[in-house]
Amino acid sequence: MDIPRIFTISESAHRIHNPFTPKKLATLGAALRLAPGTRILDLGSGSGEMLCTWARDYGVVGTGVDLSPLFTEQARLRAAELGVADRVRFLHGDAAGFVSDERVGVAACVGATWIGGGYAGTIELLSRSLAPGGIMLIGEPYWLRLPPTEELARKCEAQTISDFLVLPELLASFRRLGCDVVEMVLADQDGWDRYEAAKWLTMRRWLDANPHDDFAPEVRAQLDTEPERHATFTREWLGWGVFALMLRE
Ligand code: SAH
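The paragraphs below set out a description of the structure included in this document.

Conventions used here
- Numbering of residues begins from 1 in every chain and follows the order in which that chain's sequence is written.
- Reporting in this predicted model follows two pLDDT cut-offs: at least 70 for local features of residues, and 80 or more for side-chain atom pairs to be given and counted; totals over whole chains, interfaces and linings ignore these cut-offs and use all residues.
- Water and hydrogen atoms play no part in the side-chain values, which are based on all heavy atoms of the structure.
- Helix and strand definitions here come from DSSP, where helices need a minimum of 4 consecutive H or I residues and strands a minimum of 2 consecutive E residues; each element is numbered from the N-terminal end.
- When we talk radius of gyration, it's over C-alpha atoms, and the globule rule is simply 2.2 Å times the number of residues to the 0.38.
- Whether a residue is buried, partly exposed or exposed follows from its accessible area with a 1.4 Å probe, protein chains only, as a fraction of its type maximum: under 20%, in between, or over 50%, in that order.
- It only takes one pair of heavy atoms within 4.5 Å for two residues to be counted as in contact.
- For this description, a residue counts as near a given molecule or strand if any of its non-hydrogen atoms is within 4 Å of it.
- Under this definition, polar contacts are N or O atom pairs within 3.5 Å; protein pairs additionally need one hydrogen-donor-capable and one acceptor-capable atom, and for neighbouring residues in sequence, both atoms have to be side-chain atoms.
- For the area figures, the Shrake-Rupley method with a 1.4 Å probe applies, and any residue is considered shielded solely by the protein chains shown.
- In this classification, the charged set is Asp, Glu, Lys and Arg, the nonpolar set is Ala, Val, Leu, Ile, Met, Phe, Trp, Tyr, Cys and Pro, and all remaining amino acids, among them Gly, are polar.
- Take a side-chain nitrogen of Lys or Arg and a carboxyl oxygen of Asp or Glu: if they are within 4 Å of each other, that pair is a salt bridge.
- What a helix is expected to span follows from its residue count: subtract one and scale by 1.5 Å.
- The reported bend at a residue is simply the angle between two axes, fitted to the 7 residues ending at it and to the 7 residues beginning with it.
- Aromatic rings from Phe, Tyr and Trp, taking only the six-membered ring of Trp, are treated as a pair when their centres fall within 6.5 Å; an angle between ring planes under 30 degrees marks them as stacked, one over 60 as edge-to-face, and anything in between as tilted.

Some thoughts on the overall build of the chain
Moving on, step 1. Looking only at helices and strands, the chain features nine helices and seven strands.
Moving on, step 2. Taking 249 residues into account, the globule formula puts the C-alpha radius of gyration at 18 Å, and the chain, at 18 Å, falls close to it.
Moving on, step 3. Expressed as lengths along the three principal axes of its C-alpha atoms, the size of the chain is roughly 50 × 45 × 30 Å.
Moving on, step 4. Expressed as a percentage of its 249 residues, the buried residues of the chain come to 51%.
Moving on, step 5. Considering only residue pairs separated by 6 or more positions, the chain has 74% of its internal contacts joining residues 24 or more positions apart.

Some remarks on the site of the ligand
Moving on, step 1. Around the ligand sit 19 residues in total, of which His17, Asn18, Gly44, Asp66 and Asp94 are the nearest.
Moving on, step 2. The contact in question runs from an oxygen atom of the ligand to an N or O atom on the side chain of Asn18, over 2.5 Å.
Moving on, step 3. Side-chain polar atom of Asp94 to a nitrogen atom of the ligand: 2.8 Å apart, as the coordinates give it.
Moving on, step 4. Across the complex, the protein chains shield 90% of the 570 Å² of accessible surface that the ligand would expose by itself.
Moving on, step 5. Split by residue class, the shell around the ligand holds nine nonpolar, eight polar and two charged.

Some thoughts on the pattern of salt bridges
Moving on, step 1. Scanning the entire structure with this criterion turns up 17 salt bridges.
Moving on, step 2. We note a salt bridge from Asp57 to Arg56, for which the minimum N-O separation is 2.7 Å.
Moving on, step 3. When its relative accessible area of 43% is taken as the criterion, Arg56 is described as partly exposed.
Moving on, step 4. Look at the salt bridges and you will find they share partners, linking Arg15, Glu49, Arg78 and Glu81 into a network.

Focus: helix H5 (residues 119-127)
Moving on, step 1. Inspection of H5 places Tyr119, Thr122, Ile123, Leu125, Leu126 and Ser127 among the buried residues, and these make up the whole buried set.
Moving on, step 2. Buried residues along H5 sit against strand S1 (39-43), strand S4 (104-110), strand S5 (130-143), helix H7 (167-176), strand S6 (179-186) and strand S7 (238-247).

What to know about helix H8 (residues 189-209)
Every α-helix winds through 3.6 residues per turn, so residues three or four apart in the chain are directed the same way.
Moving on, step 1. Over its 21 residues, H8 extends 30 Å from the first C-alpha to the last, a length consistent with the 30 Å expected when each residue adds 1.5 Å.
Moving on, step 2. The principal kink in H8, of about 25 degrees, is found at Tyr195.
Moving on, step 3. Regarding H8, the residues found buried are Gly191, Trp192, Asp193, Tyr195, Glu196, Ala197, Lys199, Trp200, Thr202, Met203, Trp206 and Leu207.

Some points on unusual backbone geometry
Moving on, step 1. Located in the positive-phi region is Arg33, a residue other than glycine, with phi close to 50 degrees.
Moving on, step 2. You can see Arg33 is positioned in the loop between helix H2 (22-31) and S1.
Moving on, step 3. The residue Glu157 is not glycine, and still its phi comes out positive at about 70 degrees.
Moving on, step 4. Structurally, Glu157 can be placed in the loop between helix H6 (150-155) and H7.

Some remarks on the packing of aromatic side chains
Moving on, step 1. What the rule picks out here adds up to six aromatic pairs.
Moving on, step 2. Between Tyr119 and Phe174, the ring centres sit 5.3 Å apart and the planes meet at 70 degrees, which makes this aromatic pair edge-to-face. Here Tyr119 is found in helix H5, whereas its partner Phe174 is found in helix H7, with 55 residues between them in sequence.
Moving on, step 3. Tyr119 sits in the buried class, given a relative accessible area of 15%.
Moving on, step 4. The exposure class assigned to Phe174 is buried, which follows from its relative accessible area of 0%.
Moving on, step 5. Seen in terms of ring centroids, Phe174 and Phe243 are 5.5 Å apart; in terms of plane orientation they differ by 45 degrees. Their pairing is tilted. Here the residue Phe174 occupies a position in helix H7, and Phe243 occupies one in strand S7, the gap between them amounting to 69 residues.

Next comes the structure, spelled out in C-alpha cells:
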C-alpha cells in the first residue's frame with residue numbers, strides 16, 4: 001500500500017506536508033490549550049510533525065495512521081529524534097474507516113480529508129473516535145475568492161470549483177454539519193511557498209541523482225511547470241486552514 005510516487009519524491013524532504021509553517025503548527029497546538037496527556041488520533045499523519053512536536057511541547061500522546069511507508073518511517077525517526085517515541089506511535093495503513101480503540105481528546109485529519117470522502121465524511125469518521133467534549137481538527141483548502149472559471153479551479157488542483165468553498169461558507173458548512181467552530185488557524189502565502197516551493201529543490205536534486213529513472217520525465221515536467229503554476233494560481237486563489245470543531249449536542 002502506498003501513495004502515488006510523485007508525492008514520495010517531491011515531498012520526501014518535507015516535515016510538514018501542508019501550507020503550515022512550524023510556527024503555525026505550534027500556534028495551533030497552543031490555541032487548543034491541550035492538557036498534558038491528551039490523547040490524539042491523526043489520520044493521514046504524514047511525517048508526523050504535528051504529533052511529535054505537540055508531544056514534545058504540550059505533553060500529548062497519540063497515534064498517527066498514514067498510507068505512505070516512507071512518511072510513516074520518517075515520522076518514527078522524528079519521534080525518536082525529539083525523544084517522544086514512548087508517547088506517539090505511527091501505523092502504516094489506509095486510514096479510511098479507521099476508528100481508535102480508545103476514545104481521544106483530539107481527532108485530526110489535516111490535509112487528507114479524501115480519507116473520509118471529503119470533510120463531511122471525515123468529520124463523521126473522526127467523531128467515532130472522539131471522547132465526549134473532544135475536538136476535531138480538519139485541515140482543508142478554501143477559495144480566497146471564487147474562481148471565475150472551472151479551468152482556473154483545475155489549475156489550483158481542484159477537480160471543480162465546488163470542491164472548495166470560500167471561508168465563510170466553509171465555516172457555515174461545519175455549523176450545518178452540527179459542529180461548533182471553536183478555533184481556526186489559517187495558512188498564509190509564505191506557508192504556501194514553504195509547502196510548494198520546497199518541492200522544487202527536492203525534485204531538482206532527485207532528477208540530478210536519478211536521471212535515467214522511468215519516472216524522471218514526469219518529475220522534469222513538474223519542475224518545468226510548477227513554479228509558474230503555483231505563483232499564478234494556488235498562491236493567489238487558495239487559502240488553507242485548520243479548523244477546530246466540537247460537536248454540538
Ligand atoms: N497531515 C500531514 C500529511 C498531509 S499530506 C501533514 O499535515 O503533514 C496527506 C497525507 O495523507 C500523506 O501523508 C499521505 O500519505 C496520506 N494519505 C493519503 N491517502 C491516505 C489514506 N487513504 N490513508 C491514510 N493516509 C493517507
